[in-house]
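If you want the building blocks of each chain, they are given just below.
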Amino acid sequence: VSEYPRVKQALLRGRYSEYVARMGRMAVDTRDPQLLLSQVPAMAAEALEVHTAVVLLLDAYHPEFRVAAGVGLLPEEAVGQRVPNQTTLPAGFALAQGAPVIVDDFRKETRFSVPPRFLVAGLISAMAVPLFDRGRTVGLLTVRATQAKRFGPDEVHFMESLSNLLAATLQRVQTEETLNHSQRLESVGQLTGGIALDFNNLLTIIQGNLQVLEENPALAQDAF
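Residues numbered from 1 in each chain as written. Predicted model: local features only at pLDDT ≥ 70, side-chain atom pairs only at ≥ 80, totals over all residues. Heavy atoms only, no water.

(A) Layout of the side chain of aspartate 154. The topology assignment puts aspartate 154 in helix α5 (residues 153-215). With a relative accessible area of 17%, aspartate 154 lands in the buried category. Within polar-contact distance, the side chain of aspartate 154 engages the side chain of arginine 13 at 3.0 Å. When sequence neighbours within four positions are dropped, the list of residues in contact with aspartate 154 reads Gln9, Arg13 and Tyr16. (Helix = DSSP H or I, 4+ residues; strand = E, 2+ residues; numbered from the N terminus. Buried < 20%, exposed > 50% of the residue type's maximum accessible area, 1.4 Å probe, protein only. Polar contact = N/O pair within 3.5 Å; in protein donor to acceptor, adjacent residues only side chain to side chain. Contact = heavy atoms within 4.5 Å.)

What follows is the structure, given as structure tokens:
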């Protein structure tokens, strides 16, 4: 009986490791970041057996988050909708910490203002981990549960693994797109350079003929 908690914890860690491995294979195989974005919240919710999982990405042109993907979303959190980035609200507070944040009970939370819709939906506890891109925080992976004190160190480690895989995949796709764009620009530059060289050769020939005609007016009369 005394060993049961350890066995249970080992089984739980094995379960989380299996999901991380699945996510890793998907991250290697996929070339579509949207597909991965849609799968991460579903995988997190399934592995942790929670109600809600959301990926929030910082908007490059607005001081807000954008709901990139999620499961169990509230009506105010549709995909594509913007979420304020304010330290007085859950997402903004978590972003400002730059590290995983656990909420044991929204009903007792004092670090930020809890949106009433969370409590109306029966959401009690939550966890958020940052998404990093080259040392810069670009978003959050958040999960919420209907039980208090639902998340601990094992869940934090699991979520960090998912967020690292997601961030690495997004970085890879962005790098590939940048490389492809650079290659296209290089091709256009080579084509433009070739055309300019040919045109310059033609101008050189024309200029040479004009100089000959200028030095020998008789040749110009004979040409006509």
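(B) Seen up close, the confidence of the model for the chain. In the predicted model, the chain carries a mean pLDDT of 82, and 75% of its residues have values of at least 70. Here helix α6 (residues 217-223) stands out as the element of the chain with the lowest mean pLDDT, 54, in contrast to strand β4 (residues 101-103), whose mean of 97 is the highest. (pLDDT = per-residue confidence, 0-100.)

(C) Local environment of helix α2 (residues 33-48). Between the first and last C-alpha of α2 there are 23 Å, a value that for 16 residues agrees with the 22 Å anticipated at 1.5 Å per step. Those residues of α2 that fall on the buried side of the exposure criterion are Leu36, Leu37, Val40, Pro41, Met43, Ala44, Ala45, Ala47 and Leu48. Just beyond α2, the residue with positive phi is glutamate 49, at close to 55°. (Expected span 1.5 Å × (residues − 1).)

(D) Representation of the environment of phenylalanine 65 within the structure. With respect to the element layout, phenylalanine 65 can be found in strand β2 (residues 64-71). Separated by 74 residues in the primary sequence, phenylalanine 65 and glycine 139 place their C-alpha atoms 7.5 Å from one another. Those residues within four positions of phenylalanine 65 in sequence are excluded, and the remaining contacts are Leu56, Leu57, Leu58, Gln81, Arg82, Val83, Pro84, Asn85, Ala91, Gly92, Leu95 and Leu140.

(E) Geometry of the pairing of strand β6 (residues 136-145). Where burial is concerned, most of β6 is hidden: nine out of the 10 residues are buried. Across six bridges, the pairing between strand β1 (residues 52-58) and β6 is antiparallel. Across the sheet, the residue bridging to threonine 52 is arginine 144, located in β6. In this structure, strand β5 (residues 125-133) lies alongside β6, joined through nine bridges in antiparallel fashion. Among the inter-strand pairings, alanine 126 is bridged to a residue of β6, identified as arginine 144. Hairpin connection of β5 to β6: two residues between the antiparallel strands, including arginine 134 at a positive phi of 55°. (Pairing = 2+ DSSP bridges.)

(F) Structural context of the sheet that holds β6. Strand order in the open sheet formed by six strands is β3-β2-β1-β6-β5-β4, and the pairing between neighbours is antiparallel. In this open sheet, the two edge strands, each paired with only one partner strand, are β3 (82-84) and β4. Neighbour to neighbour, the strand axes of the sheet diverge by 30° on average, direction disregarded. Against the sheet, α2 touches β1, β2 and β6, its axis set at about 60° to β2. (Axes fitted to C-alpha atoms, helices over the stretch in contact; angles between N-to-C directions.)

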